[in-house]
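Each chain, letter by letter, is given below.
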Amino acid sequence: MSTPPGAPSSSWVHELVRTKRAAIPWDLAVLTAIAVTVPVGISLLLMSGDAAILGLGVLTSIGALVASIADRGGPAVDRVRRIVANAVAGAIGMAVGALVLGNEPATVIVIVVASLLSGIAGVVSGLVSGAALQFLVYSIVGSGIDFGLRPLWLAPLILLVGAAWRFGLTWIDIAVGSGRRRAPERMAVAAVYSSLAAHLDALGTAESEAARRDVTTALNQAYDLMITTRTSLAGRDPRWRRIVTLLNATTPLVEAVTTVVVEGDPLPAEVPNALRAIARSIEDPHAPPPTLPPPDRSTPGRAALSSALRVVGSLLDGDDPATTTVPIQRPDAVGLPRPSARDRVAGLRDHLLGGGETWFAVLRLVVCVAIAQAASVLLPLERPYWITLTVAVVMKPDFGSVFARAVQRGLGTAMGVLLGAAVVALLPGGWSQMLALAVFAAGMPIAIRRNYGLFATFITPVIVILLELAHGGDPGIIVSRVLDTLIGCAIVLVFGYLPWPSTWRSARELGDRVAQVTSDVAEYLSVALGPNAADVVAAVAARDGDDETDPAAKPAREENDDRIVEQARSRSSARRATYRSLSDLRTRVQQTLAEPPPVSTAAAAWWPQIVSLERVTDAITSTAIRAAQSRAQPDQHDVELLHAALTELSDAIRERRPPETLDLPDDALLNSVADEVGAARAVLAA
């Protein structure tokens, strides 16, 4: 398949250094600077020539560093879980590593086993995966560094003390912000409304596609956040339930905005301004209530948008969501079921027993760690444990492109070592270095949201300065740090990237995922416009003709209402699932674009197909809204033609062949869907 216009034009080198847009987390920057700098600063103040006290301060700061990396902001319960899990796992890893310190054969065995456990843990959950990485990292640190502390459990204990110090700062931050206990959740839900306003602003411009993707991203982040905080306590908290209700109320808004964008006629500025005002009132409960625009029912999209805005306005006024005329989910529903413990175990079993890709990723990690350990034993290096440390961080199988992380880690570490060396060489020891340490530590939470290489550039001088203080200004540390990092990255690229078939099969794997997403779009078509949707349109028409004063008609009327609500929810759930699949596919392609040709070239070739599938999904949504608003029933034969065309497109992608030209319907209601399906077929055939 050729690469039609619309594929990313930037080179893979540009993708490696590209930074993401992200807000600056000032609170995390300040907390990290204080947490990392204060322990070692106090030890400097109290040292009086006692290297042991300084070593305790350095190790305490390293513990604070572990907790700081784990604290990415968000809901209080999420922050607490991450800090505790990472700190405990890091301490256990350090204790395990200390047991084999100085015993090279035992060290190799323990670290290889730790890498196996860490790789397997990556399929359990994000929380467990992050903790497992800290377990592996500090197993390597404990087996490679003698902190001079006896008994052996003292070093892990001090690490926990440092993490507890950082945890205390986090708890103070949470307590001080008790008046905004749901601030992260409110901000996430408000971002959905703001993104919808931006989508309407971009209507008819070149930024419209990007604005629609921003809506999908905001929705994914908001639902992920609310699912994370869905505890039994939150379920009884009226503030949390209100935020969930406002998030669920975005479903009809998203569908209405999509329909308006497809219709193509710009809206008055007061409509997106009203959405922004709603976002402000969600962020700040004390903000003035939003002023909603007058109803506009000139088109199906505008009519649906007016109805959805009216519902949100009533919810902000405190109305019960059960009384709204536009179907939304109940307040305690966030779109996905809570998996039970049995479901989690079954999912893990399926990943381990049936996931060949998972085991290949784990095997790559274990092989590279084993080679790194062999290099640590055989090469005459001053501090070879850093080689294995580099491999462990770069090769973690669930953290994205191995190639990109290896290159970014190498470049970022080299730059970071230069910065750290400059601080050590140019600034006198003591408080001036503490100031530099605070600056670099504050930059870590800012950099990690933008680019992994940039994060390595900030964390490396933090480690260099701490180790320089602990080792009394030994310049060999700085030189060996660069050499060890480059050797570790070379091991990853030579043994963990190039020889593995999965590296070169990525284009085919991407094609399979595109085919699956195409099938998902076809299923969404069946839900939104299939027989059930047609029955609901008939039910709406029947309800419109009912005599609401006739008691005999009440049972039939209630049955019709239930069918309407259930279909709306099914359509919305299918739409959200389809857009999430498309968003995940985009993310996968974006990661692959950072790899060298031919991998990145093959990934770029799929980009226009993804765009065309997004446009098909938009057309399905807008057609479903138009059918509901106009009480028009889609012809089921025509819907079947569209479904067959999408199924054929999926089969053609999976089988690597041109798609067959199947008939598409010529129907006024379904024309927009037929046009976009035809365009998607043309993209594949190009």
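As the structure is a prediction and not an experimental result, all values here were calculated from the model.

Draft legend 1. Representation of the overall build of the chain. Within the chain, the regular secondary structure consists of 28 helices and zero strands. By the burial criterion, 53% of the 686 residues in the chain qualify as buried. Taking as baseline every contact in the chain between residues at least 6 positions apart, the subset at least 24 positions apart corresponds to 78%. Of the roughly 29,400 Å² of accessible surface on the chain, a fraction of 62% belongs to carbon and sulfur atoms.

Draft legend 2. Looking closely at the packing of helix α27 (residues 636-655) against helix α28 (residues 671-685). Between α27 and α28, the shortest axis-to-axis distance is 11 Å and the interhelical angle comes to 15°. When the interaxial angle is binned, α27 and α28 end up roughly parallel. The chirality of how α27 crosses α28 is left-handed. On the side of α27, the interface is formed by L642, A645, L646, L649, A652 and I653, while α28 contributes V673, A674, V677, A680, R681 and L684. A per-class count over the contact of α27 with α28 returns 11 nonpolar, no polar and one charged.

Draft legend 3. Main features of unusual backbone geometry. The phi angle at R656 is positive, at roughly 55°, despite the residue not being glycine. Turning to its location among the elements, R656 is positioned in the loop between α27 and α28.

Draft legend 4. Expanded view of the pattern of salt bridges. For the coordinates displayed, the defined rule picks out 16 salt bridges. Residues D71 and R79 are paired through a salt bridge, measuring 2.9 Å at the closest nitrogen-oxygen approach. According to the relative accessible area criterion, D71 is buried, its value standing at 2%. A salt bridge links R79 to D173; the nearest nitrogen and oxygen atoms lie 3.0 Å apart.

Draft legend 5. Region of interest: the packing of aromatic side chains. By the definition in use, this model includes two aromatic pairs. Taking the centre distance of 6.2 Å and the plane angle of 20° together, the rings of F167 and W171 count as stacked. In this pair, F167 and W171 both sit in helix α7 (residues 154-176), four residues apart, roughly one turn of the helix. On the basis of relative accessible area, F167 is assigned to the partly exposed category, the value being 25%. Seen from their ring centres, F440 and F458 are 6.5 Å apart, and the 65° between their planes marks the pair as edge-to-face. In this pair, F440 is assigned in helix α19 (residues 431-447) and F458 in helix α20 (residues 452-470), connecting sequence segments 18 residues apart.

Draft legend 6. The arrangement of the confidence of the model for the chain in detail. Confidence in the prediction of the chain, expressed as mean pLDDT, is 78, and 75% of residues score 70 or more. Confidence drops under pLDDT 50 across residues 1-7; counting only partners more than four residues distant or on other chains, this segment forms 19 contacts. Considering only residues more than four positions removed or in separate chains, one finds that residues 322-337, a stretch of pLDDT under 50, has 44 contacts.

Draft legend 7. A nonpolar patch on the surface, seen in detail. On the surface, V30, I34, V38, I42, L45, L46, W165 and W431 cluster together into a nonpolar patch covering about 760 Å² of accessible area. Here W165 is to be found in helix α7. Since its relative accessible area comes to 30%, W165 is described here as partly exposed.

Draft legend 8. Representation of the nonpolar core within the structure. Formed by 61 residues in total, the largest nonpolar core has its most connected members in V40, Y138, V391, L437 and V462. Aside from chain neighbours lying at most four places away, what touches V40 is L54, G57, V58, S61, M434, L437, L466 and L469.

Draft legend 9. Representation of the environment of S61 in the model. Checked against the element boundaries, S61 lands in helix α3 (residues 51-70). Separated by 21 residues in the primary sequence, S61 and V40 place their C-alpha atoms 6.1 Å from one another.

Draft legend 10. Layout of α19. Relative to the 24 Å expected for 17 residues at 1.5 Å per residue, α19 spans 24 Å between its end C-alpha atoms, a close match to the ideal helical length. Across the 17 residues of α19, 13 count as buried, placing the element largely inside the fold.

Draft legend 11. Here's a closer look at the environment of I459. Within the secondary structure, I459 is located in helix α20. With 15 residues separating them in the primary sequence, I459 and M444 have C-alpha atoms 6.2 Å apart. The contact partners of I459, leaving out residues within four places of it in the chain, are I69 and M444.

Draft legend 12. Just helix α5 (residues 104-121), in detail. With 18 residues, α5 should reach 26 Å at 1.5 Å per residue; the first-to-last C-alpha distance of 26 Å fits that figure. For α5, the N-terminal cap is N103; the gap from its side-chain oxygen to the backbone nitrogen of A106 is 3.3 Å.

Draft legend 13. A look at the environment of T259. Within the element layout of this structure, T259 appears in helix α12 (residues 250-263). Remark: the alpha-carbon pair of T259 and T623, spanning 364 residues in sequence, is separated by 7.5 Å. Beyond its immediate sequence surroundings of up to four residues, T259 is in contact with G301, T621, S622, I625 and R626.

Draft legend 14. A look at the packing of α12 against helix α14 (residues 300-316). With their axes 8 Å apart at the nearest point, α12 and α14 run at an angle of 155° to one another. As judged from the angle between their axes, α12 and α14 are roughly antiparallel. The way α12 lies across α14 gives a crossing that is left-handed. In contact with P252, L253, A256, V257, T259, V260 and E263 of α12, α14 contributes P300, G301, R302, A304, L305, A308, L309 and V312. Tallied by class, the residues present in the contact of α12 with α14 amount to 11 nonpolar, two polar and two charged.

The rules behind the values
Residues numbered from 1 in each chain as written. Predicted model: local features only at pLDDT ≥ 70, side-chain atom pairs only at ≥ 80, totals over all residues. Heavy atoms only, no water. Helix = DSSP H or I, 4+ residues; strand = E, 2+ residues; numbered from the N terminus. Buried < 20%, exposed > 50% of the residue type's maximum accessible area, 1.4 Å probe, protein only. Contact = heavy atoms within 4.5 Å. Areas by Shrake-Rupley, 256 points an atom, 1.4 Å probe, with all protein chains shown as cover. Axes fitted to C-alpha atoms, helices over the stretch in contact; angles between N-to-C directions. Parallel < 35°, antiparallel > 145°, perpendicular 65-115°, else oblique. Left-handed = near helix turned anticlockwise from the far one by under 90°. Nonpolar A, V, L, I, M, F, W, Y, C, P; charged D, E, K, R; others polar. Salt bridge = Lys/Arg side-chain N within 4 Å of Asp/Glu carboxyl O. Phe/Tyr/Trp six-rings, centres within 6.5 Å; stacked < 30°, edge-to-face > 60°. pLDDT = per-residue confidence, 0-100. Patch = residues over 30% accessible without salt bridge, like charges linked within 9 Å, V, L, I, M, F, W, Y side chains within 5 Å. Core = buried A, V, L, I, M, F, W, Y, C linked by side-chain atoms within 4.5 Å. Expected span 1.5 Å × (residues − 1). Polar contact = N/O pair within 3.5 Å; in protein donor to acceptor, adjacent residues only side chain to side chain.

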